[in-house]
Amino acid sequence: MNVTLHGAPARFEGGLREVGRGVFVWLQPDGGWGEVNAGLVVGEGASTLIDTLWDQPRAREMLSAMAPHTVVAPIELVINTHSDGDHWWGNAEVPDDAAILTSAASLETMHEEAPPAGLARLRKLAGTVRHAPGAAGAMGRYVSDMLAPFDFDGVRLRHPDRTFKGERTEQVGGRELRLTEVGPAHTAGDLVIHVPDAGVVFGADILFFGVTPAMWAGPLANWLRALDLLLSLDADVYVPGHGDVGGRAEVEALRDYWRWLDAGVRTHHAAGRSAMETARTLIREPQFARYRDWICPERIVMSVTAVHRELSGKGPIPSSPPARARLFAQIAAIKREIER
Ligand SMILES: [Zn+2]
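In the annotation of an unreviewed UniProt entry, the entry for the protein reads MBL fold metallo-hydrolase, and the organism field reads Conexibacter stalactiti.

Caption draft 1: The coordination of the zinc ion, seen in detail. In the first shell of the zinc ion, the protein supplies His 87 (NE2), Asp 205 (OD) and His 242 (NE2), at 1.9 to 2.2 Å from the metal. When the donor residues of the zinc ion are listed from N- to C-terminus, their spacing reads H-x117-D-x36-H. Of the two residues, His 87 sits in the loop between strand 5 (75–79) and strand 6 (99–103) while Asp 205 sits in strand 11 (residues 200–209), which places them 118 residues apart along the sequence. The same class applies to His 87 as to Asp 205, namely buried.

Caption draft 2: Main features of the UniProt feature "domain: Metallo-beta-lactamase" (unreviewed entry) in the protein. UniProt annotation of "domain: Metallo-beta-lactamase" (unreviewed entry) refers to residues 35–242 when read in the numbering used here. Overall, residues 35–242 shows 31% helix and 27% strand. The separation of its end C-alpha atoms is 7 Å.

Caption draft 3: Structural view of the sheet that holds strand 4 (residues 47–50). If you trace the seven strands from one edge of the open sheet to the other, you get 1-2-3-4-5-6-7, paired in mixed fashion. In this open sheet, the two edge strands, each paired with only one partner strand, are strand 1 (15–20) and strand 7 (162–164). Neighbour-to-neighbour, the strand axes of this sheet turn through a mean angle of 25 degrees, independent of strand direction. Sheet topology places strand 3 (residues 38–42) next to strand 4; four bridges connect them, and they run antiparallel. Residue pairing in the sheet places Val 42 in a bridge with Ser 47 of strand 4. The strands touched by helix 1 (residues 56–70) are strand 1, strand 2 (23–27), strand 3, strand 4 and strand 5; relative to strand 3, the strand with the most contacts, the crossing angle is about 15 degrees.

Caption draft 4: Layout of the nonpolar core. Counting residues in each nonpolar core, the largest one holds 70 residues, and the members touching the most others are Ile 206, Trp 223, Trp 258, Leu 261, Ile 300 and Phe 328. Here this core takes eight residues from helix 6 (residues 248–270), the largest share from any one element. Setting aside residues no more than four positions away along its own chain, Ile 206 makes contact with Val 182, Ala 185, His 186, Asp 190, Val 192, Trp 223, Ala 226, Leu 227, Leu 230 and Leu 254. Val 25, Val 41, Leu 77 and Ile 193 belong to the second largest nonpolar core, which has 23 residues in total.

Caption draft 5: Up close: the side chain of Arg 324. Positionally, Arg 324 belongs in helix 9 (residues 321–339). Discounting residues that sit within four places of it in the chain, Arg 324 has contacts with Trp 216, Ile 317, Pro 318 and Ser 319.

Caption draft 6: Region of the structure containing the pattern of salt bridges. Considering all chains together, one arrives at 14 salt bridges under this definition. Between Glu 170 and Arg 168 there is a salt bridge, and its shortest N-O distance comes to 2.6 Å. Salt bridges sharing partners connect three or more residues here, namely Arg 21, Arg 175 and Asp 197.

Caption draft 7: Representation of the pairing of strand 3 in the model. Within strand 3, five of the five residues are buried, which leaves the element mostly enclosed by the surrounding structure. Side chains of strand 3 alternate between two faces, with Ala 38, Leu 40 and Val 42 and Gly 39 and Val 41 buried alike. Looking at chain direction, strand 2 and strand 3 are connected through four bridges and run antiparallel. If you follow Trp 26 over to strand 3, its bridge partner there is Ala 38. In this antiparallel pair of consecutive strands, strand 3 and strand 4, the connection spans four residues, and Gly 45 shows a positive phi of 75 degrees.

Caption draft 8: Looking closely at the packing of aromatic side chains. What the rule picks out here adds up to 16 aromatic pairs. Ring geometry for Tyr 257 versus Trp 294: centroids 5.3 Å apart, planes at 35 degrees, classification tilted. Within this pair, whereas Tyr 257 is found in helix 6, its partner Trp 294 is found in the loop between helix 7 (275–282) and helix 8 (300–311), the two being separated by 37 residues in sequence. Note on Tyr 257: relative accessible area 1%, which makes it buried.

Caption draft 9: Just the packing of helix 3 (residues 116–129) against helix 4 (residues 134–147), in detail. The geometry of helix 3 relative to helix 4 is characterised by a closest axis approach of 7 Å and an angle of 135 degrees between their N-to-C directions. Considering the angle they form, helix 3 stands oblique to helix 4. By crossing handedness, the relation of helix 3 to helix 4 is classed as left-handed. In this structure, helix 3 uses Leu 119, Leu 122, Arg 123, Ala 126, Gly 127 and Val 129 to contact helix 4, whose residues at the interface are Ala 136, Gly 137, Gly 140, Val 143, Ser 144 and Leu 147. Of the residues assigned to the contact of helix 3 with helix 4, the class counts are seven nonpolar, four polar and one charged.

Caption draft 10: Region of the structure containing empty space enclosed by the protein. Counted under the stated rule, the structure contains one cavity of 30 Å³ or more. Lining the largest cavity we find Asn 37, Ala 38, Gly 39, Ile 50, Asp 51, Thr 81, His 87, Phe 202, Ala 204, Val 239, Pro 240 and Gly 241. Every element with two or more residues in the lining of the largest cavity is listed here: strand 3, strand 11 and strand 12 (237–243). Of the residues forming the lining of the largest cavity, the biggest block, three residues, is contributed by strand 12.

Caption draft 11: Structural detail: the sheet that holds strand 10 (residues 191–195). Spatially, 8-9-10-11-12 is the arrangement adopted by the five strands of the open sheet, whose pairing is mixed. One side of each edge strand has no neighbouring strand; the edge strands of this open sheet are strand 8 (167–172) and strand 12. Taking the axes of each pair of neighbouring strands and ignoring which way they run, one obtains an average angle of 30 degrees across the sheet. The pairing of strand 9 (residues 175–181) with strand 10 spans four bridges and is classified as antiparallel. The partner of Arg 178 across the bridge, within strand 10, is His 194. Packed onto the sheet, helix 5 (residues 220–232) meets strand 9, strand 10, strand 11 and strand 12 and runs at close to 150 degrees relative to strand 11.

Calculation rules
Residues numbered from 1 in each chain as written. Predicted model: local features only at pLDDT ≥ 70, side-chain atom pairs only at ≥ 80, totals over all residues. Heavy atoms only, no water. Donors = N, O, S within 2.8 Å, 3.2 Å for Na, K, Ca; no water. Helix = DSSP H or I, 4+ residues; strand = E, 2+ residues; numbered from the N terminus. Buried < 20%, exposed > 50% of the residue type's maximum accessible area, 1.4 Å probe, protein only. UniProt positions renumbered as here; feature names shortened; annotations may be inferred. Pairing = 2+ DSSP bridges. Axes fitted to C-alpha atoms, helices over the stretch in contact; angles between N-to-C directions. Contact = heavy atoms within 4.5 Å. Core = buried A, V, L, I, M, F, W, Y, C linked by side-chain atoms within 4.5 Å. Salt bridge = Lys/Arg side-chain N within 4 Å of Asp/Glu carboxyl O. Phe/Tyr/Trp six-rings, centres within 6.5 Å; stacked < 30°, edge-to-face > 60°. Parallel < 35°, antiparallel > 145°, perpendicular 65-115°, else oblique. Left-handed = near helix turned anticlockwise from the far one by under 90°. Nonpolar A, V, L, I, M, F, W, Y, C, P; charged D, E, K, R; others polar. 1 Å grid on protein atoms, 1.4 Å probe; cavity = no way out; pocket = protein on both sides within 12 Å on 5 of 7 lines; lining within 4 Å. Points joined across faces, edges and corners; volume = space filled by probe spheres on them.

Take a look at the structure:
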């Protein structure tokens, strides 16, 4: 796999990689929109699958690459790390007798979010306005390019059948998996998984390596707390939801990004600047040079908006279609300014 799903030259090797004894990661470079990672923990006669990707073709490709392991250790448990469709819409492709576990907060959000048909409609709509002038056209191009590689028509939603709150330990095929709910941060019900016997952590979308993080829910303080928790675990290998596998240095780099962004938004919010003005100012700061090469740097607008709303006492960014369209118009605008 030398190109990304979006057709760009890949920055790292995709496919199935063993990162610890019997612990595999399915990597989709470069970790941009929908290019998510999944995991497989293989035990004696049973395995655990962590996340199932965005659509049927992607899920099937991954499961057949995993087949040499799952034929002797069938998937007994599936863990969905959070409610974003790109991490769980492939659930229907796993064996019917596998249990599917997530946090109670994630399951609730899964029921609230737009279904695959809604996303297919959004892609169609974006495609029809992509040649329009101005902001509408820029938004249309951005959203239709973002969704282009995926096939939502074949997605049949299969929701998790088990939930938990707080912490939970699972034993599958003699291997221990320690789950901790750390949301709301990226989404309402984020969870992370520690595999202590291999020193591997699956940080899901609490970790973005070489990729600009996206915050839908917040508050940011929870995300920072989650990063401190991940660093406190006995682990050498950190698997992000998006981007290449890394270690503590990558976790710390993400923490630096959040601290820089948090301080900047606080300053500009206090000076009465809007979220968009704040984002425009931040991308001109010298510190931004460090983050300009991360995939999707324009997503800074989302996080600035989320923190700005927090400081104004408003809730998370609304998920209604008009609110999302407005956000993507701003993302597309900042992308042009960054590339200028
Ligand atoms: Zn994600």
